[in-house]
Amino acid sequence: MTLEILGISVLWLFLLGYLIIGSIDFGAGFFNAYGVLTGRQHILTNIIQRYLSPVWEVTNVFLVFFFVGVVGFFPKTAFYYGTTLLVPASIAIILLAIRGSYYAFESYGSRGHKGYSFMYGAAGLLIPASLSVVLTISEGGFVSMVNDNPVLDYHALFTSPLTWSIVVLAIAAVLYISAVFLTWYADKAGDRKATKLLRKYALIWAGPLAISVIGIMFELSKHNVEHFNRMIDIGWMFGLSAIMFVITVWFIWKKQHYSWALGLLIGQFALAFFAYGISHYPYLLYPYLTIYDSFTNPAMATALVVAFVLGLLLLIPSIYLLMKLFLFNKDYIRGKKDHHA
Amino acid sequence: MENESAVFFSRVLTELTLSFHIIYATIGVGVPLMIMIAQWVGIKKNDEHYILLARRWARGFVITVAVGVVTGTAIGLQLSLLWPNFMQLAGNVIALPLFMETFAFFFEAIFLGIYLYTWDRFENQKKHLLLLIPVAIGASMSAVFITIVNAFMNAPQGFDVVDGQLVNIQPILAMLNPAMPTKVAHVVVTAYMTAAFVLAAIAAFKMLKGSTHVYHKKALFLLMKVGLVFAVASAIIGDFSAKYLVEYQPEKLAAAEWHFETEKNAPLVLFGVTDGEEVKYAIKVPYALSFLAHSNPTAEVIGLNEFPEDETPPLYIHYLFDTMVMIGMFMVLVSAAYVLGKIRGWSFVSTKWFRWVIVAGGPLSIIAIEAGWWLAEVGRQPWILRKYMKVAEAATTSDHVDIMLILFCGLYIVLGVGSVVVLRRMFRHNPIEQEIEDRKAEKGGDFS
């Protein structure tokens, strides 16, 4: 395995981590807002608060880790993506900042402001939408070189059906992942009402998720044939992912094996996400940037890999402790014990 | 191709983001240590007041840390969004500490989550305190790694440029650049000092507002002792920083000191105004600059005349330097007077006016931090990477930076106002007297 592939694989893995735990967070915010709107928040608030409170900051770190890592391993991305993403990334930062800090303000400061809940819920959908634009741009066709500087064509971007199908996928995925996870969490907490409601949400959002994936495949076959063909080459990974998706929905439909459903959900997204990444290889930005011509020097690459391994030795036990205390602690999940400062 | 307005707005936006972020970042680095000290003292002395102090600070800390995290994310991304050419170049040499910083941040975030949600969960309080150690280490290490990147911008090394290509790159050597030791130490120690004086200001303010509870007195005395230690340390390290400048960035020191001509027996200029190269209304301390720079009152100090005019920083950094140093000295005096006064029983340290001085020390310390950072950044101009890349060459060419500046202004207003409102509400609704009563009722224990 070359250092280039090792680097991008590690970063991709962390982005997958952000995709999963970020989705849970964003979707939870949306369901909470929806609950407030329909007068059902008492069913959900407890479950959502207990899960989110201790981990919200950790979610953010996954994203930071990804973009710092990308610039570290592939410094040229700073030039291409840094210049073109000014507007979408700034909007995403602002939404993330307001959402993140007001989450803390609300949960530790003062509770129960309705307008805030809506804003929080809406931001949770807008963030994945604005971040997903990066994936669209990476497919090429929206960036051109003017005087040796990359320029983003906003008109082409926002009138492309590919953009919008990826946005729909991002939102549907967020809500689906979140609903499946919270169904499992609520079931573990023994909260029947919440389980019932969240199970319904999971089933509802499975549909749009499947449809948007088919839509993207169709659009991509026209937009970036090279990428599409490579996706067909590793079609078995997508196929396996689809099977996992069907089984997850089946378990949830049957109200059984929620733990398996959660495991399969993660498997489904991991497979699809890596299949997408592998078929994107070697391009970081079609057709300007590949992982090879943007890669950092060997000395830095080695240093980063060593730092990464040492960092993981520190992080893995810490994350294990966090999960043991909050995610797998029955008393905590069920709300029997609250030890907040 | 440079885009002049993009360069200008990128500078303004970066300055705005850093100036806002540094307030929360400084508190974020310093306060965990204060919490740790208070909780430790509480456990040692078996005094519930100190434990409560730690607990209430921890609660407020969550709010500031939240703003620190999200604005830190903003500056992290803005480095690539606004300075893509710089990051492309520097990423090759200095990406390592940036990458390590995310680990430090990760580590801190995980344990902060655990620490906050495990109060009273352990029989043995010391176990809970143990969980705070990674938070404090993570917070301080974040500052260390980020400051290393900044130090590299001032004193780049660990690479060679051959035919416009970077070769012979040594990431560790780049981190261990000459600016690193003094800069890192100064940033970390002043963060501790500022956190102590900000919290002391709150305690003094509560006492001025008529709260006579012994809790505040204990808090104030503890914080002033801690603040004194770090204020003295900051001054000593500040002196080393000046000596670093003499050796490696003489133009920065010369501009900050309005030292125009290379000369021996150089005086130290304080305040004043310049008219060309003429300094008016200034206090000149004879031989002091030579002494400061070389520990020798007659030594020669390099002046601005040795540098091309387009490679020297603007002269207004002189005022930033004066502001930082004056406030630093003032805080040493105030905390020393208070601590000595308490021990020796001087009555003036308990008077109203002196408490107002302590209250002023909080915002003053923050101003000193801001002045220090502006001095560090403006003093490096016109370089973004000294002697290798100018700020103007590093900026984005995008046409939308002005609109982003407006959006981020809005964001910082929302975050700034929000955090202040929430913090005030949090402590006003639950004053210390109330909380002590509540806990007494809960435990029926022995409280004084």
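These figures come from a predicted structure and were not determined experimentally.

**Looking at the overall build of chain B**
And step 1. Assigned secondary structure in chain B consists of 14 helices and 8 strands.
And step 2. Taking 22 Å as the expected radius of gyration for a compact globule of 448 residues, we find that chain B reaches 23 Å, a close match to that expectation.
And step 3. Looking at the 448 residues of chain B, the share that counts as buried comes to 59%.
And step 4. Sequence separation of 24 or more characterises 77% of the internal contacts of chain B that already satisfy a separation of 6 or more.
And step 5. Just so you have it, chain B exposes about 18400 Å², and 63% of that area is on carbon and sulfur atoms.
And step 6. Charge separation in chain B, taken as the distance between the mean sites of 34 positive and 37 negative side-chain charges, equals 16 Å.

**As for the domain arrangement of chain B**
Residues and elements named next belong to chain B.
And step 1. In terms of domains, chain B is made up of domain 1 (1–179 + 386–448) and domain 2 (194–248 + 250–379).
And step 2. In this structure, domain 1 and domain 2 have C-alpha centres spaced 23 Å apart.
And step 3. At the boundary of domain 1 with domain 2, the tally comes to 4 salt bridges.
And step 4. Between E251 and R386 there is a salt bridge; the shortest N-O distance is 2.8 Å.
And step 5. Where domain 1 packs against domain 2, one counts 8 residue pairs in polar contact (both at pLDDT 80 or more).
And step 6. Of all elements in the fold, only α1 (4–45), α2 (48–82), α4 (125–154) and α14 (432–443) reach the threshold of two or more residues within the side of domain 1 that touches domain 2.
And step 7. Along the lines of polarity and charge, the residues of the side of domain 1 that touches domain 2 split into 17 nonpolar, 6 polar and 7 charged.

**Things to note about the interface of chain A and chain B**
Interfaces are frequently sized by the accessible area removed from exposure as the parts join.
And step 1. Facing 67 residues of chain A, the contacting portion of chain B comprises 65 residues.
And step 2. When chain A packs against chain B, close to 6200 Å² is buried across both sides, 78% of that on carbon and sulfur atoms.
And step 3. Remark: the boundary between chain A and chain B carries 0 salt bridges.
And step 4. The tally of links between chain A and chain B comes to 3 residue pairs in polar contact (both at pLDDT 80 or more).

**Thoughts on helix α10 (residues 235–253) of chain A**
Residues and elements named next belong to chain A.
And step 1. For α10, built from 19 residues, the straight-helix expectation of 27 Å at 1.5 Å per residue is met to within 8% by its first-to-last C-alpha distance of 27 Å.
And step 2. All of the buried residues along α10 are M237, F238, S241, F245, T248, F251 and I252. Take α10 and look down its axis: the buried residues cluster within an arc of 140°, on one side only. In α10, the exposed positions angled more than 90 degrees off the buried face are occupied by W236, V246 and W253.
And step 3. As for α10, its buried residues are in contact with α7 (161–188), α8 (192–223), α9 (225–233) and α11 (258–280).

**With respect to the domain arrangement of chain A**
And step 1. Assigned domains of chain A: these are domain 1 (13–285) and domain 2 (297–341).
And step 2. The C-alpha-based centres of domain 1 of chain A and domain 2 of chain A are spaced at 21 Å.

**Digging into the side chain of A:H280**
All names here are of chain A.
And step 1. Checked against the element boundaries, H280 lands in helix α11.
And step 2. Under the relative-accessibility criterion, H280 is labelled buried at 6%.
And step 3. Reaching out from H280, the side chain makes a polar contact with the backbone oxygen of Y283 at a distance of 2.7 Å.
And step 4. Setting aside residues up to four positions removed in sequence, H280 forms contacts with S138, E139, H227 and Y286.

**Regarding the pattern of salt bridges**
And step 1. Here the structure, examined in full by the defined rule, presents 9 salt bridges over all chains.
And step 2. Here A:D25 ties to A:R99 by a salt bridge, and the two come within 3.0 Å at their closest N and O atoms. Remark: A:R99 occurs in helix α4 (residues 86–109) and A:D25 occurs in helix α1 (residues 3–37); sequence separation between them is 74 residues.
And step 3. A single network of salt bridges, built from pairs that share partners, joins B:R56, B:R59 and B:E435.

**Side note on unusual backbone geometry**
And step 1. Of the consecutive residues A:Y286 and A:P287, the connecting peptide bond is found in the cis state with omega at -15°.
And step 2. In this fold, A:P287 is placed in the loop between β3 (283–285) and β4 (289–290).
And step 3. Along the chain, B:Q381 connects to B:P382 via a cis peptide bond; the corresponding omega equals 0°.
And step 4. Summarising the element assignment, B:P382 is placed in the loop between α11 (352–378) and β7 (383–385).
And step 5. The residue A:D148 is not glycine, and still its phi comes out positive at about 65°.
And step 6. If you trace the backbone, A:D148 turns up in the loop between β1 (143–146) and β2 (149–152).
And step 7. Judged by its relative accessible area of 65%, A:D148 falls in the exposed class.
And step 8. Of note in the backbone geometry, B:S295 takes a positive phi value of approximately 55° without being a glycine.
And step 9. Take B:S295: it is sitting in the loop between α9 (288–294) and α10 (317–344).

**A look at the pairing of β2(A)**
Look at any regular strand and the pattern is simple: side chains alternate between the two faces of the sheet.
And step 1. Across 4 bridges, the pairing between β1(A) and β2(A) is antiparallel. Paired with A:V143 across the two strands is A:L152, which belongs to β2(A).

**Brief notes about the confidence of the model for chain A**
When pLDDT is low, close inspection of the predicted coordinates is not appropriate.
And step 1. Averaged over every residue, the pLDDT of chain A is 86; the share at 70 or more is 94%.
And step 2. Here helix α13 (residues 330–333) of chain A stands out as the least confident element of chain A, with mean pLDDT 68; α10(A) is the most confident, with 93.

**Re the packing of aromatic side chains**
All names here are of chain A.
And step 1. In total, this model carries 50 aromatic pairs over all chains according to the counting rule given.
And step 2. Judged by centre distance (4.7 Å) and plane angle (5°), the ring pair of F31 and Y201 falls under stacked. With F31 in helix α1 and Y201 in helix α8, this pair connects stretches of sequence that are 170 residues apart. Across the pair, exposure class does not vary: F31 and Y201 are buried alike.

**Side note on the environment of B:N124**
And step 1. Residue position: B:N124 is located in the loop between α3 (84–116) and α4.
And step 2. Separated by 81 residues in sequence, B:N124 and B:I43 place their C-alpha atoms 9.8 Å apart.

**So, a nonpolar patch on the surface**
And step 1. Among the surface-exposed residues, A:W236, A:L240, A:I243 and A:I247 lie close enough to one another that they form a single nonpolar patch of about 400 Å² accessible area.
And step 2. Here A:L240 shows up in helix α10.

**Observations regarding the side chain of A:N32**
And step 1. Take A:N32: it is sitting in helix α1.
And step 2. According to the relative accessible area criterion, A:N32 is buried, its value standing at 15%.

**Overview of the environment of B:L131**
And step 1. Checked against the element boundaries, B:L131 lands in helix α4.
And step 2. Given the relative accessible area of 10%, B:L131 is considered buried.
And step 3. For the pair formed by B:L131 and B:L112, sequence separation is 19 residues and the distance between their alpha carbons is 8.0 Å.
And step 4. Those residues in contact with B:L131, other than ones at most four positions away along the chain, are A:L321, B:F111, B:I114, B:Y115, B:T118 and B:F122.

**Quick look at the packing of α1(B) against α11(B)**
All names here are of chain B.
And step 1. It is at 10 Å that the axes of α1 and α11 come closest, and there the two elements cross at 135°. In terms of orientation, α1 lies oblique with respect to α11. The hand of the α1/α11 crossing is right-handed. Touching E15, S19, I22, I23 and T26 of α1 are I366, I369, E370, W373 and W374, all from α11.
And step 2. Looking at the contact of α1 with α11 residue by residue, the class counts come to 6 nonpolar, 2 polar and 2 charged.

What counts, and at which threshold
- Residues numbered from 1 in each chain as written.
- Chains lettered and ligands numbered in written order.
- Predicted model: local features only at pLDDT ≥ 70, side-chain atom pairs only at ≥ 80, totals over all residues.
- Heavy atoms only, no water.
- Helix = DSSP H or I, 4+ residues; strand = E, 2+ residues; numbered from the N terminus.
- Rg over C-alpha atoms; globule rule 2.2 N^0.38 Å.
- Buried < 20%, exposed > 50% of the residue type's maximum accessible area, 1.4 Å probe, protein only.
- Contact = heavy atoms within 4.5 Å.
- Areas by Shrake-Rupley, 256 points an atom, 1.4 Å probe, with all protein chains shown as cover.
- Lys, Arg positive; Asp, Glu negative; His and termini not counted.
- Charge placed at Lys NZ, Arg CZ, Asp CG, Glu CD.
- Domains from an automatic or database assignment.
- Salt bridge = Lys/Arg side-chain N within 4 Å of Asp/Glu carboxyl O.
- Polar contact = N/O pair within 3.5 Å; in protein donor to acceptor, adjacent residues only side chain to side chain.
- Nonpolar A, V, L, I, M, F, W, Y, C, P; charged D, E, K, R; others polar.
- Buried area = accessible area lost by both parts, 1.4 Å probe.
- Expected span 1.5 Å × (residues − 1).
- Arc of directions from axis to C-beta.
- Pairing = 2+ DSSP bridges.
- pLDDT = per-residue confidence, 0-100.
- Phe/Tyr/Trp six-rings, centres within 6.5 Å; stacked < 30°, edge-to-face > 60°.
- Patch = residues over 30% accessible without salt bridge, like charges linked within 9 Å, V, L, I, M, F, W, Y side chains within 5 Å.
- Axes fitted to C-alpha atoms, helices over the stretch in contact; angles between N-to-C directions.
- Parallel < 35°, antiparallel > 145°, perpendicular 65-115°, else oblique.
- Left-handed = near helix turned anticlockwise from the far one by under 90°.

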